[in-house]
Amino acid sequence: MIARIKVILTTLAALIVLGACTSNQNTDVTSSARVKGHEAGDHVNKVMVIALVDDKTIRTALESRVVSALQERKIEASPSLPVLGENYGEGKARSEMAADIASRGYESALVITLVDVKEEMHYTQGGMNYAPDIAVQGAMGQTYYVRQNAVYEPGYFSNDKKYFLESNLYRLQPETLLWSAKSTTVNPADIEAGTAGVADAVVGRMAKDDMI
């Protein structure tokens, strides 16, 4: 019976781990702040989403995911890559960018930047899981039955890969920083899961902070 229970618990644990790996809940917003003097209900619309990531595939996926998350909240949003291209900033004065994007019909821009990537190693201590503490008495078979369920679990090392992002929401005309947030994404299973996690967390915090 004890062995059967252990099999059931092991199966449940595996399902929980699998669910965690495939979940979008891999991103936490660690901090956020609105501009001083923000008035309740002062929301942005017509947002261009700009992902500053040095990988076209990831940039496309991240912008698309964030745009979808904003559109689900009835915000008019568009990805920047089809509009601005890959090398928009080259040869353009920084003071011109906000006005240029505004001239394309956008009132605000959400700029998401990958600022750092770190790998951290962790060690999990091993241990012994014992069957209930029953005194061993009598025949060898009794000892075998009671103690066979003692299982040693060795310690192990694991690596966490963490992605640190900064999200800044700007009003374009006049150019003003409205809101800023920092977030951390841990061990995304793939691009789909990673970008979905960022989109859900960042857009969710924007709504919580009364920006949309």
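Please read these numbers as outputs of a predicted model, since none were measured by experiment.

## Description of helix 4 (residues 94-102)
- Within helix 4, burial applies to A98, I101 and A102. Viewed end-on, helix 4 has its buried residues packed into an arc of 110°, placing them on one side of the element.
- The inward-facing, buried residues of helix 4 abut strand 2 (47-52) and helix 3 (81-84).

## Some details on the environment of E63
- Considering the arrangement of structural elements, one finds E63 in helix 2 (residues 56-72).
- E63 sits in the buried class, given a relative accessible area of 1%.
- When the C-alpha atoms of E63 and L81 are compared, they prove to be 8.2 Å apart, with 18 residues separating the residues in sequence.

## Re the sheet that holds strand 3 (residues 77-79)
- As summarised here, the arrangement of the six strands in space is 1-8-7-4-2-3, forming an open sheet in which the pairing is mixed. This sheet does not close on itself; its edge strands, each paired only once, are strand 1 (27-34) and strand 3. Averaged over neighbouring strand pairs, the angle between their axes works out to 25° when direction is ignored.
- Where strand 2 meets strand 3, three bridges bridge the pair, whose relative direction is parallel. Across the sheet, the residue bridging to V47 is A77, located in strand 3.
- With respect to the sheet, helix 6 (residues 191-208) is in contact with strand 1, strand 4 (108-124), strand 7 (156-171) and strand 8 (176-186), its orientation differing from that of strand 1 by roughly 30°.

## Digging into the pattern of salt bridges
- Inspection of every chain in the model, using the stated rule, returns eight salt bridges.
- A salt bridge links E192 to R65, with the shortest nitrogen-to-oxygen separation between them at 2.2 Å. One end of the pair, E192, is in helix 6; the other, R65, is in helix 2, with 127 residues separating them in the sequence.
- Judged by its relative accessible area of 46%, E192 falls in the partly exposed class.
- Assessed through its relative accessible area of 30%, R65 is described here as partly exposed.

## What to know about the pairing of strand 2
- The buried fraction of strand 2 is high, at five of six residues.
- On the question of chirality, the crossover connecting strand 2 to the parallel strand 3 by way of helix 2 is right-handed.
- In this structure, strand 2 lies alongside strand 4, joined through six bridges in parallel fashion. Bridging from a neighbouring strand, L52 pairs with T113 of strand 4.

What counts as what
- Residues numbered from 1 in each chain as written.
- Predicted model: local features only at pLDDT ≥ 70, side-chain atom pairs only at ≥ 80, totals over all residues.
- Heavy atoms only, no water.
- Buried < 20%, exposed > 50% of the residue type's maximum accessible area, 1.4 Å probe, protein only.
- Helix = DSSP H or I, 4+ residues; strand = E, 2+ residues; numbered from the N terminus.
- Arc of directions from axis to C-beta.
- Contact = heavy atoms within 4.5 Å.
- Pairing = 2+ DSSP bridges.
- Axes fitted to C-alpha atoms, helices over the stretch in contact; angles between N-to-C directions.
- Salt bridge = Lys/Arg side-chain N within 4 Å of Asp/Glu carboxyl O.
- Right-handed = clockwise from strand over helix to strand, strands pointing away.

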